[in-house]
Amino acid sequence: MLFSVRLVSRQPADLSPDAWQGIVGEQLKSVKALYDQGKIRAFYRETGAGVLAICDVTDAREMDQLIAGLPMGRYFVDTTVHPLWDMVPTLQSV
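Residues numbered from 1 in each chain as written. Predicted model: local features only at pLDDT ≥ 70, side-chain atom pairs only at ≥ 80, totals over all residues. Heavy atoms only, no water.

Visitor: Would you explain the nonpolar core in this entry?
Guide: Within soluble globular proteins, side chains that are nonpolar tend to cluster in buried spots. Ranked by size, the top nonpolar core spans 20 residues in total, and within it Val5, Leu7 and Met63 carry the most contacts. Of all the secondary-structure elements, those providing two or more residues to this core are strand S1 (2–9), helix H1 (17–36), strand S3 (50–56) and helix H2 (60–68). With four residues, the single largest contributor to this core is H1. (Core = buried A, V, L, I, M, F, W, Y, C linked by side-chain atoms within 4.5 Å. Buried < 20%, exposed > 50% of the residue type's maximum accessible area, 1.4 Å probe, protein only. Helix = DSSP H or I, 4+ residues; strand = E, 2+ residues; numbered from the N terminus.)

What follows is the structure, encoded as structure tokens:
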């Protein structure tokens, strides 16, 4: 099942820049592992807004678990998830 996922995070005021960069580094490693596993098909940076990912998971429960397991999960100020329907097979049959 495909999902579009938009994640927006903010550095808390009480977290040092070095600590924040450590969390960002862990986030990138986690995202890379998910990409290598095929759970993330595409990953885009929305300048000034956050990130947009296309995820391929079994169901909505797995999608929730994937987001909750990310190192930056508790710093997301906005999380938007939408299921996607691949229209290419329909277009190919027309």
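Visitor: Any chance you could explain the pattern of salt bridges here in plain terms?
Guide: Here the idea is simple: oppositely charged side chains can pair when their charged atoms come close. Under the counting rule described, the total for this entry stands at six salt bridges. Among the salt bridges present, the one from glutamate 26 reaches lysine 29, with a minimum N-O distance of 3.6 Å. Here glutamate 26 pairs with lysine 29, and both are found in helix H1, just three residues apart, close to one helical turn. Overall, glutamate 26 belongs to the partly exposed group, its relative accessible area being 41%. A relative accessible area of 56% means that lysine 29 is categorised as exposed. Across the pair arginine 41 and aspartate 56 runs a salt bridge, and its minimum N-O distance is 2.8 Å. Of this pair, arginine 41 sits in strand S2 (residues 40–46) while aspartate 56 sits in strand S3, placing them 15 residues apart in sequence. Shared partners join several salt bridges into a network, and the residues in it are Arg6, Glu46 and Asp78. (Salt bridge = Lys/Arg side-chain N within 4 Å of Asp/Glu carboxyl O.)

Visitor: Before we go on, may I ask you to explain the environment of proline 71 in this structure?
Guide: Tracing the backbone shows proline 71 in the loop between H2 and strand S4 (76–84). Take proline 71: its relative accessible area is 28%, and that puts it in the partly exposed class. Sequence spacing of proline 71 and methionine 87 is 16 residues, and the spatial spacing of their C-alpha atoms is 33 Å. Beyond its immediate chain neighbours, meaning those up to four positions away, proline 71 contacts Ile23, Glu26, Gln27 and Ser30. (Contact = heavy atoms within 4.5 Å.)

Visitor: Just checking my understanding: could you explain the packing of aromatic side chains for this structure?
Guide: Two descriptors summarise a pair of aromatic rings, namely the distance from one centre to the other and the angle between the planes of the rings. Evaluated as defined, the whole model comprises one aromatic pair. Where tryptophan 20 meets tyrosine 75, the ring centres are 5.4 Å apart and the plane angle is 80°; that geometry is what we call edge-to-face. Of this pair, tryptophan 20 sits in helix H1 while tyrosine 75 sits in the loop between H2 and S4, placing them 55 residues apart in sequence. As far as the burial class goes, tryptophan 20 and tyrosine 75 line up, both buried. (Phe/Tyr/Trp six-rings, centres within 6.5 Å; stacked < 30°, edge-to-face > 60°.)

Visitor: Quick question: what am I supposed to make of the sheet that holds S4 here?
Guide: Paired through backbone hydrogen bonds, the strands of a sheet run either parallel or antiparallel to each other. The sheet built from four strands is open, its strands ordered S2-S3-S1-S4 with antiparallel pairing. Each of the sheet's edge strands pairs with one partner strand only, and the pair in question is S2 and S4. Taking each pair of neighbouring strands and ignoring which way they run, the sheet shows an average axis angle of 15°. When S1 meets S4, the two strands line up antiparallel, connected through eight bridges. Bridging from a neighbouring strand, valine 8 pairs with aspartate 78 of S4. Strands S1, S2 and S4 of the sheet are contacted by H1, whose axis makes an angle of about 145° with S2. Packed onto the sheet, H2 meets S1, S3 and S4 and runs at close to 25° relative to S1. (Pairing = 2+ DSSP bridges. Axes fitted to C-alpha atoms, helices over the stretch in contact; angles between N-to-C directions.)

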